[in-house]
Every structure is written in structure tokens, then in C-alpha cells.
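For reference, the chains in residue letters:
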Amino acid sequence: MLALALVETFGQLVVRARVPAPEDWARAAALVREGFEPGDTIVGAPGWVDPILREQLGDLIPAAHAGRSDLAPYARVWEISSRGRTGPWTPEGDPELAQRVGALTVRRWDLGPSPVLVDLVDQLPRAAVTRGDRTCRWRRQAARGGGLFAGPLWPREAHVCGPESWLFVGETVIEDLDLMPRRCVWQHPAGNEPITTRFTDVELGERIVLHAGLYYDHERRRLGVPVDLDVSVNGSSLGRLRHLDGDGWKRAEISIPEALRGERGAIAIAVTSPNPDLRTLCWAATVRGPARSVE
């Protein structure tokens, strides 16, 4: 019994010695702030340090960063790592900077210029939205949800497409099938009648990268029907993403014809589903130029 007590005491001392102290977090955050530049983003590793990271550096982590789909929009990635661990957003390769701060490590990867030309989520307030041939109106609505057992977060402003409370198109953040936050455009289908979001006068690059998923509690039931997203440029359909329950945050790349690259044009995303029940579809899309090694 005495030996067991000694082992447990020693184990507790080891664990406490490896836990980053508040002073370590404060010093690591100060190091990141000193070198942070526009075009940078900040991640934590392993994933469970995220609440502490936001407490220390939340003013530098807006919703677009916290709910990212990939690293393509960013030129540099700062990471604060506990015990040298990696996380879901740790880039591949060796970092350009690695500095120990107590029990933490601050690392920075320089990814190079971002290939993202346009983020369509940013453009949503200027888009036109229709339900079939009827126009959806941009208006304020009651914000709701977004908490534990409260369902997905509904935005205060959206393109409202009908009397159904859930039938709107608006920017929000959902939790995907892996409980990761995703900043995206809520575009709930209305059935086989398409809900279409159109963006005009958009800079056209080489490709459109589309991500889409459902609110996790609805997708994990595996009881829903597919949701289809059709992407068109200047009225011509270029590709489709079909989302099935279990797909999670699904990605598709849609090539833009060479004759249109470098021009300005119109992009439309139309969403349909045979049965709209609990099809809480949310998507994020960017127009991009040439790919780089890390996205």
C-alpha cells in the first residue's frame, strides 16, 4: 500500500509538471502577437487546447478562422502546441520557427501566397437568392440555437425564402459530423424546387473548391436522403456535389474552363433534395488560382 501511494504521488507530480502553466500560455501568446501579420492564422495542438487558445488569442481568431475548411486562405500558420503534440491543423513539413515556451512550443509555417481569389461566404450579402423563380428577401430574423442541445445557429440576417422558419440562406457556423466548427452558408433545400444563390461579377480563377455538410445531430442519424449542390458559371453547369449522411464535411473541386479564367463572371449554387426533412445543409466555397502544396 505504501508503494502504491508513492507511485500515485510521483505520477501526479509528473503530470502536474507537464501541464503548461498559465504563465507559459501568456508568454506563448505574446510571442505569436509580436509576429502576427495579416494573412496569418493561429491553431492549437492537440485539438483539446482550443478553448485555452481562444481565451488567449481570441481577438485574432475570427469565425472565418475558427470555422475554416482548410488552410488555403492563409499565408502563414502559427501553432501553439502542448508537449510538442500535433493537431488536426498542423501543416506538413518542418516549420520556419520553433521555440519552446515552458511546457509549450510555438511553431510557424510559411505556406506562401494564398491561392484564394474570392471567398463566396464573404459575398453572401450581395448575392441574389431564389426559390424556384421567386426572389428570397434579405431581412433580419430572430437569432437562435448555437448552444448545447439548442440546434444549429441561425443568423440574425439572411435571405428568407418562405414561411418555413428554416428556409433561408445565411452565413453561420455549424458543427459537422466530427464536431468541428465550420463557417458556411446555410442553404436548406426546399425539396426538388431549387434554392439558388447567385453571385455576379466574380473574379474567375482555375477552380472552385466547395465544401458541404449537415449539422452533426441530423447527419449522424443516417435517416435522411441525399442533398445535391449544382455549381454553374455564367449559366452553364460545371459540376455537382452530392452529400450523403456519413460523408461529413465533404470536398469537391470544380474546374473553370480555360476561356473564362482571368475574366469576371457569375457563379450560382443550387441546392435540392427529394425530402428536405432535417437536411440542414451548409456549404463553403472559394474561387482559387493555381494550387500550392499545402491547402
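Located above this text is the structure these notes cover.
Residues numbered from 1 in each chain as written. Predicted model: local features only at pLDDT ≥ 70, side-chain atom pairs only at ≥ 80, totals over all residues. Heavy atoms only, no water.

(A) Region of the structure containing the side chain of H159. Tracing the backbone through its elements, the reader meets H159 in strand β9 (residues 157–160). Residue H159 is classed as buried on the basis of its relative accessible area, which comes to 3%. Polar side-chain contacts of H159 include one of 3.2 Å to the backbone oxygen of L124. Residues in contact with H159, not counting those within four places in the same chain, are L124, P125, A127, V129, C136, R137, W138, F168 and V169. (Helix = DSSP H or I, 4+ residues; strand = E, 2+ residues; numbered from the N terminus. Buried < 20%, exposed > 50% of the residue type's maximum accessible area, 1.4 Å probe, protein only. Polar contact = N/O pair within 3.5 Å; in protein donor to acceptor, adjacent residues only side chain to side chain. Contact = heavy atoms within 4.5 Å.)

(B) Broad picture of the state of the cysteines. Taken as a whole and judged by the stated rule, the model has 2 disulfides. The disulfide partner of C136 is C161, and the S-S distance across this bridge is 2.2 Å. Across the S-S bond linking C136 and C161, the dihedral sits near 115 degrees, which makes this disulfide right-handed. A residue pair is termed long-range when its members are at least 10 positions apart, and C136 in the loop between β7 (134–135) and β8 (137–140) and C161 in the loop between β9 and β10 (168–175) qualify at 25 residues. Bridging C184 to C282, the disulfide has an S-S length of 2.1 Å. Where C184 bonds to C282 through sulfur, the torsion about that S-S bond is close to 100 degrees, and the disulfide is right-handed. Placement of C184 in strand β11 (residues 181–187) and of C282 in strand β18 (residues 281–288) is noted, with a sequence separation of 98 residues between them. (Disulfide = S-S within 2.5 Å.)

(C) Quick peek at the sheet that holds strand β3 (residues 97–101). Spatially, the 4 strands line up as an open sheet ordered β1-β2-β4-β3, and their pairing is mixed. The two strands at the open ends of the sheet, each matched to only one other strand, are β1 (40–45) and β3. Neighbour-to-neighbour, the strand axes of the sheet open up by a mean angle of 15 degrees, direction not taken into account. Contacting β1, β2 (76–82), β3 and β4 (104–110), helix α2 (residues 22–35) runs over the sheet at an angle of about 170 degrees to β2. (Pairing = 2+ DSSP bridges. Axes fitted to C-alpha atoms, helices over the stretch in contact; angles between N-to-C directions.)

(D) Representation of the pairing of strand β12 (residues 195–203). Here 4 bridges tie strand β6 (residues 128–131) to β12, and the two strands are oriented antiparallel to one another. Its bridge partner being in β12, R131 is matched across the sheet by I195. As defined by bridge partners, β12 adjoins strand β17 (residues 264–272) across 7 bridges and the pair is classed as antiparallel. By the bridge assignment for β17, R198 is matched with A268.

(E) Geometry of the pattern of salt bridges. For the coordinates displayed, the defined rule picks out 24 salt bridges. Among the salt bridges present, the one from R288 reaches D70, with a minimum N-O distance of 2.9 Å. Of the two residues, R288 is situated in strand β18 and D70 in the loop between α4 (63–66) and β2; the sequence distance between them amounts to 218 residues. We note a salt bridge from E193 to R131, for which the minimum N-O separation is 3.2 Å. Separated by 62 residues along the polypeptide, E193 in the loop between β11 and β12 and R131 in strand β6 bring together distant segments of the chain. Among the residues examined, E193 registers a relative accessible area of 28% and is labelled partly exposed. (Salt bridge = Lys/Arg side-chain N within 4 Å of Asp/Glu carboxyl O.)

(F) The environment of T105, seen in detail. You can see T105 is positioned in strand β4. Distance from T105 to A21, taken between C-alpha atoms, is 13 Å for residues 84 residues apart in sequence. Those residues within four positions of T105 in sequence are excluded, and the remaining contacts are E79, I80, S81, G84, Q99 and R100.

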